[in-house]
Amino acid sequence: MSDDKDEAQDEVKLPQKTAPLPSKVAPDIQITEKNNWLIHMLFIRKEFSTCKKIIKSQLEETHNTCEYALYVQGMMLRSEAMIQESLESFQAAAMLNPNNIENLKQVGRSLYLLGRHKAALDIYTEASRINPDDPELLHNQGVCLVYLKEYKKAKTFFYKSIHIQQSEHAYIQLSKLHILQDDKDGAISVLLKSVEHFPENTKLLTALGLLYLNAGEIQKAFEYLGNAMTYDSENIDAIIGLASIMQDHGDYDVALTKYRVAASISPESNTLWNNIGLCFHGKKKLVAAISCLKRAYYFAPFEWKTAYNLGLMHLNMNQYASAAHFLSAAINRRPKYAPLYMLMGITLMHLEDYNNSKEAFESAIACNPEYALTYFNYAVMLYNEGKKSGAVAKYTIFEEVNGKEANKIKDREMIAAIERIAPAIVSES
């Protein structure tokens, strides 16, 4: 009996069978940002073709509700110069998240690149309500205002931007703004302050050096351009600036050596070939000068100074038809510059077109009645036409204008030519 009892106690009881539990599958929840990491990685690695495929797939899955995919798509489109398409992409991203300031910045940037400066300014103003102390927004508002010719407001925004964060771009824009207002001293003052904060910035040093060069302060120009070259030996603007100083002092061979270095760095620079042409003109090699100037004109056909120099070279070589062609092109681009009309008057005089020559001289006087040389050449034209009394009258005005210290002709060769020609005109009085 006891054994049976033990066996009963040792017997293992099996659990009763129960109905199986229903299997539960997790719902498929779409995550719109699931591929953002991959899009970002491909974008920064500039693998645009693969990135575009991922973005297209992502936008199809999310029905164009993935903000980051739209943002990156806009950045890629803009890098490919598809500005309007990039604008539409950024606008779509901004509609999804209107409080994201980066979306608004990019919308404004695309509008700016499209030349819609007023619309860009409105977007930047809207973005500044989210973050009024963003220096980038303040800077961009200033740039838009410059294009809208609201210089006073633009200056305020640039100074606000600098007050929040020192920026070389804001300093450069401020200096350009002062130059637009014919305030070279103000531009120099701004750049002097900028190099205190960015003493090794070659753009600022070069800009300051070139401003001093234009102001005639050669020693300071040489100093700052030399400093720029110290930090960047291939700074094309600094090289050309230093070479032009040597050129102005008659060291044409040294200047040409510098220009040769610049040509190896930037062979398609209009300024470079223009200056090389003037170097050859200084060496009396007029054919080489014209060849270099025509290359400069090819690289920048809308640069009036190159057309002016070409007109002057052809005039010196007695090629009057070619001179008239280039001077006419220069006048179309700089219609209020008296020397251009004066040279056109001289050219037409040699072509014996006295009526149009007279109109050209009158236009020169209308542009700048204090430019003495116009009156002298006008007198020569009237003398050649046979109008002796008119020639004497214009020569008398020339002496009056040239008598003022501010208008006095200082070029020695010019003075010698006037002294040689004047007696023939005066003898008719």
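The rules we used
Residues numbered from 1 in each chain as written. Predicted model: local features only at pLDDT ≥ 70, side-chain atom pairs only at ≥ 80, totals over all residues. Heavy atoms only, no water. Helix = DSSP H or I, 4+ residues; strand = E, 2+ residues; numbered from the N terminus. Rg over C-alpha atoms; globule rule 2.2 N^0.38 Å. Buried < 20%, exposed > 50% of the residue type's maximum accessible area, 1.4 Å probe, protein only. Contact = heavy atoms within 4.5 Å. Areas by Shrake-Rupley, 256 points an atom, 1.4 Å probe, with all protein chains shown as cover. Lys, Arg positive; Asp, Glu negative; His and termini not counted. Charge placed at Lys NZ, Arg CZ, Asp CG, Glu CD. Expected span 1.5 Å × (residues − 1). Disulfide = S-S within 2.5 Å. Axes fitted to C-alpha atoms, helices over the stretch in contact; angles between N-to-C directions. Parallel < 35°, antiparallel > 145°, perpendicular 65-115°, else oblique. Left-handed = near helix turned anticlockwise from the far one by under 90°. Nonpolar A, V, L, I, M, F, W, Y, C, P; charged D, E, K, R; others polar.

## Focus: the overall build of the chain
Logical step 1: If you tally the helices and strands in the chain, you get 24 helices and zero strands.
Logical step 2: Whereas a compact globule of 429 residues would reach a radius of gyration of roughly 22 Å, the chain reaches 36 Å, over 25% beyond that.
Logical step 3: Counting the 429 residues in the chain, one finds 42% classified as buried.
Logical step 4: Intrachain contacts of the chain at a sequence separation of at least 6 include 46% that bridge at least 24 residues.
Logical step 5: Carbon and sulfur atoms provide 53% of the accessible area of the chain, an area that totals close to 24800 Å².
Logical step 6: Charged side chains in the chain number 46 positive and 51 negative. The centres of these two groups are separated by 7 Å.

## Section: helix α18 (residues 304-316)
Logical step 1: Relative to the 18 Å expected for 13 residues at 1.5 Å per residue, α18 spans 18 Å between its end C-alpha atoms, a close match to the ideal helical length.
Logical step 2: Most of α18 is tucked away: 10 of the 13 residues are buried.
Logical step 3: Of the surrounding elements, those touching the buried residues of α18 are α16 (270-282), α17 (286-299), α19 (320-333) and α20 (338-350).
Logical step 4: Immediately downstream of α18, the backbone of N318 shows phi near 60°, a positive value.

## Side note on unusual backbone geometry
Logical step 1: In this model, K46 sits at a positive phi of 60°, which is unusual for a non-glycine residue.
Logical step 2: Relative to the assigned elements, K46 resides in the loop between α2 (36-44) and α3 (48-62).
Logical step 3: Overall, K46 belongs to the exposed group, its relative accessible area being 64%.
Logical step 4: For N64, which is not glycine, the phi dihedral falls at a positive 60°.
Logical step 5: Take N64: its relative accessible area is 48%, and that puts it in the partly exposed class.

## Section: helix α11 (residues 184-197)
Logical step 1: When the terminal C-alpha atoms of α11 are compared, their 21 Å separation across 14 residues agrees well with the 20 Å that a helix rising 1.5 Å per residue should span.
Logical step 2: All buried positions along α11 are accounted for by G186, A187, I188, V190, L191, S194 and V195.
Logical step 3: Turning to α11, the residues buried within the fold contact α9 (151-164), α10 (168-180) and α12 (202-214).

## Considerations on the state of the cysteines
Logical step 1: Scanning the model with the defined rule gives zero disulfides in all.
Logical step 2: A disulfide-free cysteine, C279 has its sulfur positioned 9.4 Å from the sulfur of C292, the nearest such atom.
Logical step 3: Judged by its relative accessible area of 0%, C279 falls in the buried class.

## Observations concerning the packing of helix α23 (residues 388-402) against helix α24 (residues 412-426)
Logical step 1: Where α23 meets α24, the closest approach of the two axes is 10 Å, and the angle between their N-to-C directions is 135°. With respect to α24, the element α23 is oriented oblique. Judged by the twist between their axes, the crossing of α23 over α24 is left-handed. On α24, the residues touching A391, V392, Y395 and F398 of α23 are I418, A422, I425 and V426.
Logical step 2: Looking at side-chain class alone, the contact of α23 with α24 contains eight nonpolar, no polar and no charged residues.

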